[in-house]
Amino acid sequence: MALLPILCYPDPKLHRIASPVPGVDASVRRLIADMLETMYDAKGIGLAATQVDVHQRLIVIDISEQRDQPLVLVNPGITWTSAEKKLNEEGCLSVPGIYDGVERFDAVAVSALDRDGKARVVEASGLLAVCIQHEMDHLMGRIFVEYLSPLKRNRIKTKMRKLQRGERD
Ligand code: NI
């Protein structure tokens, strides 16, 4: 297994749209293992392949306290959303140190393949539903800060660029 470098906003590669995974083979399973290792190492609760510069529809999630309940979604597709939406505070491994409110569906159902290539449906609410919607946005090239006001977004962009140059505020 290996730790993978995580792209940081505003890297334009984060806006690429991912293609479907053609099949869950050994190389995909290796990518899943590496993404899980990378997510746990970075203390994140979710990671999309887009964030490690692999533009395929694959996400990994673990919202458990013990960090031992990995959820792997290959080619995820939302099949149902609740009528209700809620505002939640979100963060992202690609936008370190930034947390802000985003409105998401309170509950969703998602069809996907698991790491064995088996089709399954996941019904999620609360934090898991938020996380799935956040990670699926990545696969469409969308970062959570794009839901914020242009003023906030520009401030975050400037901050991230400074951070990447190793400057302080
Ligand atoms: Ni993210």
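Above this note sits the structure.
Residues numbered from 1 in each chain as written. Predicted model: local features only at pLDDT ≥ 70, side-chain atom pairs only at ≥ 80, totals over all residues. Heavy atoms only, no water.

J.: Could you clarify how one ought to interpret the packing of aromatic side chains in this entry?
T.: The description of an aromatic ring pair rests on the distance of the ring centres and on the angle between the ring planes. If you walk through the whole model with that rule in mind, you get zero aromatic pairs. Against the face of Phe 105 rests Lys 85, its NZ or CZ located 4.8 Å from the ring centre. (Phe/Tyr/Trp six-rings, centres within 6.5 Å; stacked < 30°, edge-to-face > 60°. Lys NZ or Arg CZ within 6 Å of the ring centre and 35° of its normal.)

J.: What is the right way to read the coordination of the nickel ion from this model?
T.: Coordination sphere of the nickel ion, protein contribution only: Cys 92 (SG), His 134 (NE2) and His 138 (NE2), at 2.1 to 2.2 Å. We note that the donor set of the nickel ion lies within a single chain, spaced as C-x41-H-x3-H. With a gap of 46 residues between them, Cys 92 in the loop between β4 (85–90) and β5 (100–105) and His 138 in helix α2 (residues 126–139) connect regions that are remote in the sequence. Both residues of the pair, Cys 92 and His 138, belong to the buried class. (Donors = N, O, S within 2.8 Å, 3.2 Å for Na, K, Ca; no water. Helix = DSSP H or I, 4+ residues; strand = E, 2+ residues; numbered from the N terminus. Buried < 20%, exposed > 50% of the residue type's maximum accessible area, 1.4 Å probe, protein only.)

J.: Would you take a moment to explain the layout of surface pockets for this structure?
T.: Each pocket or cavity is described by its volume, and for the largest pocket that value is around 370 Å³. Together, 24 residues line the largest pocket, and Ile 45, Glu 90, Gly 91, Cys 92 and Leu 93 are the ones closest to its centre. The dominant element in the lining of the largest pocket, judged by the number of residues it contributes, is α2, at seven residues. Tallied by class, the residues present in the lining of the largest pocket amount to eleven nonpolar, nine polar and four charged. (1 Å grid on protein atoms, 1.4 Å probe; cavity = no way out; pocket = protein on both sides within 12 Å on 5 of 7 lines; lining within 4 Å. Points joined across faces, edges and corners; volume = space filled by probe spheres on them. Nonpolar A, V, L, I, M, F, W, Y, C, P; charged D, E, K, R; others polar.)

J.: It is not clear to me how the environment of Gly 126 should be interpreted in this structure. Could you clarify?
T.: Locating Gly 126 in the fold gives a position in helix α2. Note on Gly 126: relative accessible area 35%, which makes it partly exposed. Along the backbone, Gly 126 and Asn 88 are 38 residues apart, and their C-alpha atoms lie at a distance of 9.3 Å.

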